[in-house]
Each structure stands twice: as structure tokens, then as C-alpha cells.
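Report on the structure
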Amino acid sequence: MKWARITAIVFLLTVSAACLLADFIAPAPYAHQFREEPDASPSRQHPLGTDDLGRDRFSRVLYGTRVSLLLAPAAALLSSLMAAFIGGIAGFSGGRVERWVMAGTDLFLSLPWLFLLITVRALLPLNVSPIVSVLITFAMLGCLGWAGAARIICADARALAQSDFILLARASGSNGFQLLWRHLVPNLKPVLYAQFWISVPVFILTEANLGILGLGVAEPLPSWGSLLRELEGFSAISGQAWQLVPLILFILVVSSFHLVLTKEELPV
Amino acid sequence: MKKLLANFVLLTLIAFGSISVAQSGGELRFCLRSEPKTLNPLLAADDASETIRYMTGGVLVRVNRLTQNLEPELATSWKLTNGGKTIAFQLRDGLRFSDGTPFSADDVAYTMQQLMDPALHSPTGDAFRSAEGKVGTEVLPKNRVRITFPAPIAGLDRLFDQVAIVSAKSPQKEMAVLGPYYVAENKAGSYLILKRNPNYWEKDSSGHPLPYIESVRLDIQQNRDIEMLRLTRGEIHFINSLDAEYFDKVVSQDPSMAHDAGASLDSEQMWFNQVASSPLPSYKKAWFTSTNFRRAISEAINRDDIARIVFHGHARPAVGFVSPANKFWFNTKLQAHPFDQKSALQRLAQDGFHLQNGVLRDREGHAVEFSVITNAGNKYRERMATMIQQDLSGIGIKLNVVTLDFPSLIERITRTFDYEACLLGLVNDELDPNAQMTVWLSSADSHQWNPSQKTPATAWEAEIDKLMRAQASTLDPKKRKEDFDKVQEIAWQQEPFIYLVNKNALSAVSPAVHNAHPVVLRPQVYWNIDQLSLTSEVAKNR
């Protein structure tokens, strides 16, 4: 499976590079409406045609991928760090602290995410720019996505806290912070990596779902969610195969993340 | 020789299936988008329930959806007296409900008592509540009935188009009907079967009893794609209220099925929050209450582009709150506001706005930026908002488009007033201006830009109040039209609502359905349900 991982990494790097260079590659500004050419077929000027408002689809795919691909890992990092902190402390402390923290985590897990996101989104100020709105959306995803990972990290931390080398470190006079920082965290790294890589496609999917509900990234900024909304209704896309490009790219990127994850799991 | 010729004609008709013959029988099939919430015609409020009411309910008078004129149904004549407080109906003789129970003036009196019973909470009854007091019904000799209301109601006779008469004596209660069909089967969440009412009173010009079609099957189907697929497979006979995208799909598949009846009564509009107590900064309140500002925004929006791109050409730029489809009440002197960004900037300059490095600023130097909220998931509104965003950037205004789930949006526009502008649509079924009272009176809850005012906030709102009350208190159609035309002119000048487009009434009808003439008024395709018929092949197959 090594070749598959290498292909996935190369693919992700290529896509990331294309997105970062979108300002130079994109044939038109992502928000500009070519009103005389709505729903246009691919042409030299518009390699993937235009959307229903006449915006260049290729440019929107580039910028939309940039938004989703940069911010989903950022949200995943945030949630993984929160999970590491909460789960690590709970697992390491054990006893009553662990019971209370995990009860809180279970309660958090039982919350209906989607409704919570919709509610929080509705409470936000209205006059925020699309960039700020997308940052808020992914920050919310990051803040809400830690609970599942925290349970796993707590279980790992508990097992580590009871291991012989921690006992040895205690016996040799290490204090709580030293135990946590020097011994526990390095040993939790593999599981944290795994949680991070799992979270990235999850957040991309969540943003896409929010986008399909019209609650994701604000117009005119594109994201995979807004790009995938074009595919609502199979009758609307028949005969326009180029509309499927964002979906295919989305599937490839999410699959690549999973292949990369396998690489991280192997050394464990 | 004559016999030979007749046989030849007959054989030709049979050989060429396209010349199919309309005949009685068959099953008409179409989809409801949701389950009817009630089968009681007096409680119908949702689309599905109103569909059932329209097809099963017998009414005293009916608004002809094609001509928009009032026509006799169960009543052969009617007369308004007492300054519009009283209406007397002469009823048809010898009619029976679907279960055989005789129809009489007692049933009309019973229906009105039920309708006006506050405990019933009938949405149809609300239209008759012009003032506090009891509604009197009087059964008169010779099959006549007189109904007296506590206060005059303008357009009273047309309101009876919505009142399905129920039986006072039938053991089947409201399920005994006087309309062309009755509900024979109701499989909750799945389908309803309506059967031909054997006691329906109307006959065609040759004396053939109506309706022609034996039964109607209404499948409950929310998914528009599946509905489209079923139409193309021939499993259903028509789709009412098509979206522009689906309509184009029908045109590409079979143009003969596609029917564009023209601009409907429905409108899409945006408005600014003008509520004095809203939590907006004072400089923004000053923008939104300025007529020049609102007019400028209106002129900076390219309505033609919205109609062409968002609605694929199946909409027309809106003139005002009355659609041109409303033949009598529309003020023909008015035109849609033209797209003119130069004029928009001139209007803004009158209020001290100026462009600075491509950014519009007010007199105090605030950059003009505001948000527009609309309901999430409505792609047409989201597209309109995005187009307006680009249009307004042409005059240096930054517009932020915010999509909210519907409850949050309603909370903001009706309770907290924490919004700047809102883009929504209005579904309108009523032709009479009285239906607009709840929007245009400054004291009304639905006076959306500044609701429930104790006294009118502006002189023009006071003028509208006066004119709307004046038109509601007279029975003279000419006087009412004059007053209502003035209201439309004021609304056009002041633009508290910036009307964007009137969507066209689009539908798809199978060639198997005869005598279908879709119109702009609901229920578009089946407004003449009793006169629809199916081709002989379809009728036989069923």
C-alpha cells in the first residue's frame, strides 16, 4: 500500500499547491458574474463552464478547495488539541475527575450537532464578511468536534498512566507536569495524529452538509459545500458532466486523507 | 355513400391515435407535496388541504380562474345590501350532497355558524371578521338565505369562493360534499383517492353530467425530482407550480407539456428595517428611512437580469405589490423601476452620500455596508441576493448575504428586529385589495418594515392607511379602484418594499389531459377540474 500512500500525498500536495496559487491560475475572479453566460459549457475562457449565475466554475473550484482544504485541517488541529487537553487530563488524573469530565463529554456528544451549529450560526452578528463567516464556521466545527476524540485519548491516557514506565518515572521523582509533558504527551502523539487525520475529512463533510443546507460559507465566497449544492436534483445535472468535477475532487481528496491516515497508523 | 364516408372518418380517427377522443371515466393522477393537515373544508389552510377543498367542496359562488369574474355555483344569484353588511343568496333547487342528503338554506346557515365559531379557529372564517359582533344568518322562504355581518366587508361576495358548504344533517358531517368529487380513500402519508360525486349538480352544454373523470388519485410526494420522473414516465398527469429549472427540463423533453401562464400574483421583494426601536446604529436607521436611499437601491438592482438568470426568463420585473396578473386591481400607469445606477448615485448624492475610492460613504463618512437576510435552502432567493450583491457593488455598497434557518429569520423580523434588510417572497392568492390590509395598514403585524405602529410613522403611511380604509368601506368598485391605485402609486414612490420580480405560473400537463388551460391563479391546472377529461386510451386503461 506504499504506492497508494505516496500517490495520495502527491495528489494532496498538488491540489494544495493549485489552491494556493489560485490567484495566478484562476481564469477569472471567483465572484464575478458573467451574466451573458450563465450555465455555459466548458470553453477556453471557462475550462469548467460557468455556474447558474455565470461565475467561472474552475476559479470557484480552486478557491473553494482552498477554503475547505486550509480551514478543515485548522479546525481538525483545534479539535485535536482540545481533545488532547481534556481527554489527557481526565485519563491521567483518573478517579472522580475522569468520571466528571467524561460525563460532560458524553453529554456533549449527545447534543444534536447540526441544530447546535444552526442555532449558533443564527446568533452570530449579521454584518460579517464572507471570510470572517467562514473562519467562524470552521472555528465552531473545531470547538464542537473534540468530544469523540477526547474519549479515545482519555482511554489511552488512562492506560499509559497505569503503565510501568510512568510508575518508574514517578518513583524517580518526576512531578505531575513532567509526567504529563515528558512521558504522556509523546506517547499520545500517534493517536492524536490519527484523530487529526480522521477529523479533516469529517469537517470537510460537515461544512459541505452545512453548505447544502445553505448555512455554510457566505456568498460569494465558494467552498465545497456551496459547490456541491449545484448538484442538488439529479435532473438538473444530467447532460452536464463537468458539474461533477467538484464532487469527484471532493471524493478524491477525502479518500487521500484516509490513505494518509493509514501511513500514520502503521508505526503505532 | 354517406355511410361509407362516415366509416372512413371513424376509421381515420381510430387509426390516428393523436386525434384521441375525450370521454368520461379514467383516473387522473397528480402529486401533493405534503399530506393534507385536515379534510375539514372549514379548517383548510395548507396547500394540500386547500386542494382537497377545491376539488370536493361546493361553494355558493366561484371566482372563474380564467376570467377572474365571479360566477354562480350553488347560488344562482346574490345581492349585497345594507352598505355591504348583508348578502342574500338565492340557492339552486333540488341539489344533494354526495351521500344523498338534500341541500338547503339551512346548510348555508349552519356552515356560516360553524365558520364564524371562534372555537373552531377557521382560517377561512378570519377573512369575514371585520369587526367585533355576531354574524346573523336568516333562512328565508323559497330557498333563500341572508347573512348579516357586524360591519361592511368590501369584496364580501368573492370571499364565498373559499367557503365550502357543509351539511347540517348528514351523518357523514363534513365528508358529505357538494363539489365534483368526494374523498373515497385516505391512506395517511401515502395517497388519497377522490371519486366522482354522483350527485354533483353541474352538466355540460350537451346535458352530460360532470365531472368527466371517474376518480382522482393524489399521491403524496415531496421530492420534486421523483415527481418529474413520474410525469415523464406517464405515471402522473400534471405538475402544478413548477420551478423554472424543472420547467426548462420539461420544455427540452416535450414542449407540448410545458405551460407558462405568465406572471403570477406571487412576488419576491426585499425591504429595510425601519423599526425605530431596532438595535441598529442611528446612522443606519437614517439610511433605511430615507426614500432616496431606498429608491437608489431599487434603481441599482437589475431586475431584468434576475428574471433572466435566476428564473430562466420565467419571471418579469415586478412593478409593485399588485401583479399585472391581477387584471382589475393592477395600476396600469405604473412601470417597473428601471436599472439605472447613474440615477441611483444622483439620488444618493441628494442625501449626502458620496463615492470615495469606489466605496459609498454617507455624510458622516460611514462606509455603506449592510446585510440582507433570507431563508436558507431557497436557492432562488440566495441567487437573487448574490446578484443584488454584485449590482450594489457597482455603486460602492457592500452587501453581506446571510442565510438563516426560517425560525431564526422569523424571530429577527418579527420579534427582535435585529436585521438590516430582508429578502423574502409573498405567495398571494387573493385578488381583492382587502387581502392586503394586513400588510399595508401601519398598525398591522405584517407591515413588515415597521409593524404594529400605534400612529403612522410617516405622512405617506398615514395616507396609505386612509386610502386602504376608504376602499374597504365602500362598495363602489370604481371608487375602490381609484383609492387602491393611489396606494399603489405611493408604494411605488416610497418603496418600503423593493419589489423584484413576479414569478411566472409554470406547469406541465400530459397531452392525455383534455381541456386543461393552466392559469395564473391557483389551482392553476385543475381550476376547471369538473371539465377535464382523459384521452379515450387512458380512460379505458383505467
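Residues numbered from 1 in each chain as written. Chains lettered and ligands numbered in written order. Predicted model: local features only at pLDDT ≥ 70, side-chain atom pairs only at ≥ 80, totals over all residues.

1. Concerning the overall build of chain B
For clarity, the threshold we go by: Secondary structure is summarised from DSSP: a helix means a run of H or I of at least four residues, a strand means a run of E of at least two, and numbering begins at the N terminus for each. As a reference, a globule follows 2.2 Å times the number of residues to the power 0.38, and the radius of gyration itself is taken over C-alpha atoms. Note on contacts: each residue gets a C-beta atom placed from the backbone, and two residues are in contact if those atoms are within 7 Å.
A tally of helices and strands in chain B yields 17 helices and 22 strands. Taking 24 Å as the expected radius of gyration for a compact globule of 542 residues, we find that chain B reaches 26 Å, a close match to that expectation. With respect to the three principal axes, the spread of C-alpha positions in chain B is 90 × 60 × 45 Å. Of the contacts made within chain B by residues no fewer than 6 positions apart, 68% connect residues no fewer than 24 positions apart.

2. So, the overall build of chain A
So the rule is basically this: To sort residues by burial, count the other C-beta atoms lying within 10 Å of each one's C-beta; a count of 20 or more means buried, 12 or fewer means exposed, and anything in between means partly exposed. C-beta atoms are built from the backbone.
Across its full length, chain A holds 12 helices and zero strands. Mapped in sequence order, the helices and strands of chain A form the string α-α-α-α-α-α-α-α-α-α-α-α. Counting only C-alpha atoms, chain A reaches 75 × 45 × 30 Å along its principal axes. Residues counted as buried form 36% of the 268 residues belonging to chain A. Taking the intrachain contacts of chain A between residues at least 6 apart in sequence as the baseline, contacts between residues at least 24 apart amount to 70%.

3. Section: helix α15 (residues 459-472) of chain B
Residues and elements named next belong to chain B. Heads up, the rule is: Residue count minus one, scaled by 1.5 Å, sets the expected span of a helix.
Given a rise of 1.5 Å per residue, 14 residues ought to cover 20 Å, and the 20 Å separating the end C-alpha atoms of α15 matches this to within 8%. All buried positions along α15 are accounted for by Glu 461, Ile 464, Asp 465, Leu 467, Met 468, Gln 471 and Ala 472. Buried residues along α15 sit in contact with α14 (437-440) and α16 (477-494).

4. As for the interface of chain B and chain A
As a reminder, the rule being used: The nonpolar class holds Ala, Val, Leu, Ile, Met, Phe, Trp, Tyr, Cys and Pro. Asp, Glu, Lys and Arg form the charged class, and all remaining residues, Gly among them, are polar.
Between chain B and chain A, the contact holds 28 residues from the first and 22 residues from the second. If you tally residues by element for the side of chain B that touches chain A, the top one is helix α12 (residues 379-393) of chain B, at seven residues. Grouping the amino acids of the side of chain B that touches chain A by side-chain chemistry returns 11 nonpolar, eight polar and nine charged.

5. Observations regarding unusual backbone geometry
Residue A:Pro220 follows A:Glu219 across a cis peptide bond; omega there is 5°. Among the structural elements, A:Pro220 can be located in the loop between α9 (176-212) and α10 (224-229). Of note in the backbone geometry, B:Asn515 takes a positive phi value of approximately 65° without being a glycine. Look at B:Asn515 and you get exposed, because 10 C-beta atoms sit within 10 Å.

6. Quick word on the confidence of the model for chain A
Here is the rule: pLDDT is a residue-level measure of predictor confidence that goes from 0 to 100.
Of all residues in chain A, 93% attain a pLDDT of 70 or more, and the chain-wide mean is 85. Of all the helices and strands in chain A, helix α11 (residues 234-237) of chain A carries the lowest mean pLDDT, 58, while helix α2 (residues 22-25) of chain A carries the highest, 93.

7. Considerations on the pairing of strand β11 (residues 215-220) of chain B
Residues and elements named next belong to chain B. To keep things clear, this is the line we draw: Strands qualify as paired when DSSP identifies two bridges or more between them.
In the sheet, strand β2 (residues 27-32) pairs with β11 via six bridges, with the strands oriented parallel. Pairing of Cys 31 across the sheet is with Asp 219, part of β11. Pairing of strand β10 (residues 191-196) with β11, which is carried by five bridges, proceeds in the antiparallel orientation. Bridge assignment links Ile 193 to a residue of β11, and that residue is Arg 217.

8. Focus: the sheet that holds strand β7 (residues 136-140) of chain B
Residue and element names in this part refer to chain B. Rules: Angular values range over 0 to 180 degrees, each being the angle between N-to-C directions of two axes fitted as lines to C-alpha atoms, with helices fitted over their stretch in contact.
Taking strand neighbours across the sheet as the criterion, the four strands line up as β5-β6-β8-β7 in an open arrangement whose pairing is antiparallel. One side of each edge strand has no neighbouring strand; the edge strands of this open sheet are β5 (75-81) and β7. When strand polarity is set aside, the average angle formed by the axes of neighbouring strands in this sheet is 15°. Two strands pair when backbone bridges link them, and β7 and strand β8 (residues 144-148) are joined in this way by five bridges, in the antiparallel orientation. Counted as the bridge partner of Val 139 is Val 145 from β8. Each of β6 (86-91), β7 and β8 touches helix α3 (residues 105-116); the most contacted strand, β7, lies at about 175° to it.

9. Structural notes on the packing of helix α10 (residues 303-310) of chain B against α12(B)
Residues and elements named next belong to chain B. Inclusion rule: Here the word oblique covers every angle except those under 35 degrees (roughly parallel), over 145 (roughly antiparallel) and from 65 to 115 (roughly perpendicular). Throughout, a crossing is termed right-handed when the near helix is turned clockwise from the far one, and left-handed when it is turned anticlockwise from it by less than a right angle.
Where α10 meets α12, the closest approach of the two axes is 10 Å, and the angle between their N-to-C directions is 140°. Here α12 runs oblique to α10, going by the angle between their axes. As α10 packs across α12, the resulting crossing turns out to be right-handed. In this structure, α10 contributes Asp 305, Ile 306, Ile 309 and Val 310 to the contact, and α12 contributes Tyr 380, Arg 383, Met 384 and Met 387. A per-class count over the contact of α10 with α12 returns six nonpolar, no polar and two charged.

10. Description of the packing of helix α4 (residues 95-110) of chain A against helix α7 (residues 147-161) of chain A
Residues and elements named next belong to chain A. As a packed pair, α4 and α7 sit with axes 9 Å apart at the nearest point and diverge in direction by 150°. Overall, the two elements α4 and α7 adopt an arrangement that is roughly antiparallel. Here α4 runs over α7; the crossing is left-handed. Along the contact surface, α4 presents Glu 98, Met 102, Thr 105, Phe 108 and Leu 109, while α7 presents Ala 147, Gly 148, Ala 150, Arg 151 and Cys 154. Classifying every residue of the contact of α4 with α7 by side-chain character gives six nonpolar, two polar and two charged.

11. Some remarks on the nonpolar core
Where we set the bar: Nonpolar core, as used here: buried Ala, Val, Leu, Ile, Met, Phe, Trp, Tyr and Cys residues forming one set through C-beta atoms within 7 Å.
In this structure, A:Ile153, B:Leu60 and B:Cys422 are the most contacted members of the largest nonpolar core, which totals 196 residues. Ranked by residue count, the leading element in this core is helix α3 (residues 57-93) of chain A, at 15 residues. Contact partners of A:Ile153, with chain neighbours within four places excluded, come to A:Ala83, A:Ala84, A:Gly87, A:Gly88, A:Gly91, A:Leu188, A:Val191 and A:Leu192.

12. Let's talk about the environment of B:Tyr499
With respect to the helices, strands and loops of the structure, B:Tyr499 is situated in strand β20 (residues 497-509). In this structure, B:Tyr499 is in contact with B:Ser267, B:Gln269, B:Ala318, B:Val319, B:Gly320 and B:Phe321, ignoring residues within four places of it in sequence.

13. Looking at the pairing of strand β19 (residues 421-426) of chain B
Residues and elements named next belong to chain B. Sheet analysis places strand β13 (residues 258-272) next to β19, joined by six bridges and oriented antiparallel. Directly across from Trp 271, in β19, lies its bridge partner Cys 422. The pairing of strand β17 (residues 369-375) with β19 spans two bridges and is classified as parallel. Note on β19: the bridge partner recorded for Val 372 is Ala 421.

14. Topic: the confidence of the model for chain B
Keep in mind that low pLDDT regions are not for reading the predicted coordinates in detail. All names here are of chain B. Averaged over all residues, the pLDDT of chain B equals 91, while 94% of them reach at least 70. Averaged pLDDT values for the elements of chain B fall to 44 in helix α1 (residues 2-15) and rise to 98 in helix α9 (residues 291-300). Model confidence for the complex is summarised by a pTM of 0.84, with the ipTM given as 0.80.

15. Focus: the environment of B:Pro171
Along the chain, B:Pro171 falls in the loop between α5 (156-159) and β9 (181-187). Each C-alpha atom of the pair B:Pro171 and B:Thr101 lies 9.0 Å from the other, and the pair is 70 residues apart in sequence.

16. Some details on the environment of A:Ala18
Residue and element names in this part refer to chain A. Assignment of secondary structure puts Ala 18 in helix α1 (residues 2-20). Distance in space between the C-alpha atoms of Ala 18 and Arg 66 is 8.5 Å, their sequence separation being 48 residues. Residues within four places of Ala 18 in sequence aside, it is in contact with Ile 25 and Leu 62.

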